[in-house]
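# Architecture and fold: a report
As a plain string of letters, each chain reads:
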Amino acid sequence: MHGEQVIIVGAGPAGAAAAIQCRRLGVIPRLLDRTGAAGGLAENAHCIENYPGMPGAIGGTEFTENLRAHLARFDIAVEGTEVTGIARNGKGFSVRHGSGELSARAVILASGTVPRRAHIAGEEELDGVHVFYDVVSLLRRRGRPRDVVVVGGGEAACDYALTLASIGAAVLLVVRSDRLKARGRLAHAVQQTPAIRVSYGTAVERISTSPLLTVCLRSTVEEGATEHNPGALLVAVGRDSAAPRLLAPLGVTAAEGIAGTIPGLFVVGDARIGSLGQIGMAVGDGIRAAAASAALMENL
């Protein structure tokens, strides 16, 4: 056990912003992330163009590199360990992780989100082999696939489709409804990209390997099914906060947000929102929680 400190769980934009702001305010935080690296899902972004102050649009990989360099300038290391539990400990907390336990006066929970499954027959068995839930994981495992079926019509699905098309993959975007949920520039970019074909009113019925990956698609408006043999299946049908498993024993929910009912416990970024939000929103959450944490440390 170590002395009083601020522990930040998750090194995405919210957690990284919190760590940097803590250092600016004279507090040395511990930044924990199961991957051992900063960035979170931001690395998946095809194009980040609404973050104020940037000279132009950048991709998620470049943004993540900049984020890691920013942490390094403040001498903040990301500790590669998974947090498995948080408990009350007097006025503070005990934080259990892969290699031990830490005590903290404040905990900033920036644990992000977990993907929703599409409940497709065969999906669970092929998870991580042929089925993926973010584009970075797919590319790390499968290299550059020639073609990919992407399931979903929201911003994440469209963004992933654009990334795959930009590296030369042919993309079939499978959308259950009759229109994209994504709007504006992102939807327009998908519709104007020749390598992306959108199949509206369509659902994935099942997937299998024999030995090729086979994806069976069925129309939701008419009879008939078709089979495809893509290099991979990418599911992007929504995400949920990863915080509940850590918050449930404390009797609180992620919805309580930045200033919840337990002093010193803050839920920020996508973990608070419960879905994929915007980087600017996550950064603002992290800075606010860091300021509140630093104030607690001053009152020790």
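So, here's what we can say about the structure.

Analysis parameters
- Residues numbered from 1 in each chain as written.
- Predicted model: local features only at pLDDT ≥ 70, side-chain atom pairs only at ≥ 80, totals over all residues.
- Heavy atoms only, no water.
- Axes fitted to C-alpha atoms, helices over the stretch in contact; angles between N-to-C directions.
- Helix = DSSP H or I, 4+ residues; strand = E, 2+ residues; numbered from the N terminus.
- Parallel < 35°, antiparallel > 145°, perpendicular 65-115°, else oblique.
- Left-handed = near helix turned anticlockwise from the far one by under 90°.
- Contact = heavy atoms within 4.5 Å.
- Nonpolar A, V, L, I, M, F, W, Y, C, P; charged D, E, K, R; others polar.
- Core = buried A, V, L, I, M, F, W, Y, C linked by side-chain atoms within 4.5 Å.
- Buried < 20%, exposed > 50% of the residue type's maximum accessible area, 1.4 Å probe, protein only.
- Pairing = 2+ DSSP bridges.
- Right-handed = clockwise from strand over helix to strand, strands pointing away.
- Phe/Tyr/Trp six-rings, centres within 6.5 Å; stacked < 30°, edge-to-face > 60°.

### Considerations on the packing of helix H4 (residues 155-166) against helix H5 (residues 184-191)
Each pair of packed helices gets described by two things: the angle between the helix axes and the distance between those axes. Between H4 and H5, the least distance of the axes is 10 Å, while the angle of their chain directions is 45°. By the angle class used here, H4 and H5 are oblique. Regarding H4 and H5, the two cross each other, and that crossing is left-handed. Note on element contacts: H5 touches H4 through Leu 186, Ala 189 and Val 190, opposite Glu 155, Cys 158, Asp 159 and Leu 162. Residues belonging to the contact of H4 with H5 are distributed by class as follows: five nonpolar, no polar and two charged.

### Looking at the nonpolar core
Judged by nonpolar contacts, the single largest core of 35 residues is most densely connected at Val 6, Leu 31, Leu 71, Ile 108, Phe 266 and Val 268. Among residues more than four places away in sequence, those in contact with Ile 108 are Val 6, Ile 7, Ile 8, Val 9, Ala 18, Phe 266, Val 268, Ala 289, Ala 290 and Ser 293. One finds Val 136, Ala 157, Ala 161 and Val 190 within the second-largest nonpolar core, a separate group that totals 26 residues.

### A short note on the pairing of strand E1 (residues 6-9)
The two faces of E1 match: Val 6 and Ile 8 on one face and Ile 7 and Val 9 on the other face are all buried. One ladder, built from four bridges, connects E1 with strand E7 (residues 106-109); its direction is parallel. Bridging across to E7, Val 6 finds its partner in Ala 106. As paired strands, E1 and strand E2 (residues 30-33) are joined by three bridges and run parallel to one another. Directly across from Val 9, in E2, lies its bridge partner Leu 32. Once you follow E1 into helix H1 (residues 13-24) and on to E2, the crossover reads as right-handed.

### A few points about the sheet that holds strand E3 (residues 78-80)
Reading across from one edge, E3-E2-E1-E7-E18 is the order of the five strands in this open sheet, with parallel pairing throughout. Each edge of the sheet is formed by a strand with only one pairing partner; in this case those strands are E3 and strand E18 (265-267). In this sheet, adjacent strand axes meet at a mean angle of 20° when their direction is disregarded. With respect to the sheet, helix H8 (residues 279-298) is in contact with E1, E7 and E18, its orientation differing from that of E7 by roughly 170°.

### Description of the pairing of strand E12 (residues 196-199)
Where strand E11 (residues 170-174) lies against E12, four bridges are found, and the strand directions are parallel. Directly across from Val 171, in E12, lies its bridge partner Ile 196. Each parallel crossover has a hand, and for E11 linked through H5 to E12 it is right-handed.

### Here's the deal with the packing of aromatic side chains
According to the stated counting rule, one finds one aromatic pair in the structure shown. Relative to Phe 63, the ring of Tyr 51 has its centre 6.2 Å away and its plane inclined at 70°; by these criteria the two rings are edge-to-face. Here Phe 63 lies in helix H2 (residues 60-73) and Tyr 51 lies in the loop between E2 and H2, a separation of 12 residues in the sequence. Judged by relative accessible area, Tyr 51 falls into the partly exposed class, the value being 26%.

### Comments concerning the sheet that holds strand E5 (residues 92-97)
Spatial ordering of the open sheet is given by E4-E5-E6, a layout of three strands whose pairing is antiparallel. Edge positions in the sheet fall to strand E4 (83-89) and strand E6 (100-104), since each has one partner strand and no second. Here the average twist between neighbouring strands, direction ignored, is 20°. As paired elements, E5 and E6 share five bridges and run antiparallel to each other. In the sheet register, Ser 94 faces E6, and the bridge partner there is Ser 103.

### Details of the environment of Thr 81
Locating Thr 81 in the fold gives a position in the loop between E3 and E4. Beyond its immediate stretch of four places on either side in the chain, Thr 81 contacts Leu 32, Asp 33, Arg 34, His 97, Gly 98 and Ser 99.

### Describing unusual backbone geometry
For the peptide bond that leads from Ser 210 to Pro 211, omega is -10°, which places it in the cis range. With respect to the helices, strands and loops of the structure, Pro 211 is situated in the loop between strand E13 (202-209) and strand E14 (213-219). The phi torsion at Asp 75 lies on the positive side, around 55°, for a residue other than glycine. Residues other than glycine seldom take positive phi values, yet His 119 does so here, at roughly 55°. With respect to the helices and strands, the residue His 119 is situated in the loop between strand E8 (113-115) and strand E9 (131-132). Note on His 119: relative accessible area 75%, which makes it exposed.

### Considering the environment of Ala 195
Following the sequence through the fold, Ala 195 ends up in the loop between H5 and E12. The spatial distance from the C-alpha of Ala 195 to the C-alpha of Gly 128 is 24 Å, given a sequence separation of 67 residues. Each residue touching Ala 195, except ones within four places of it in the same chain, is listed here: Ala 165, Ala 169, Ala 170 and Val 171.

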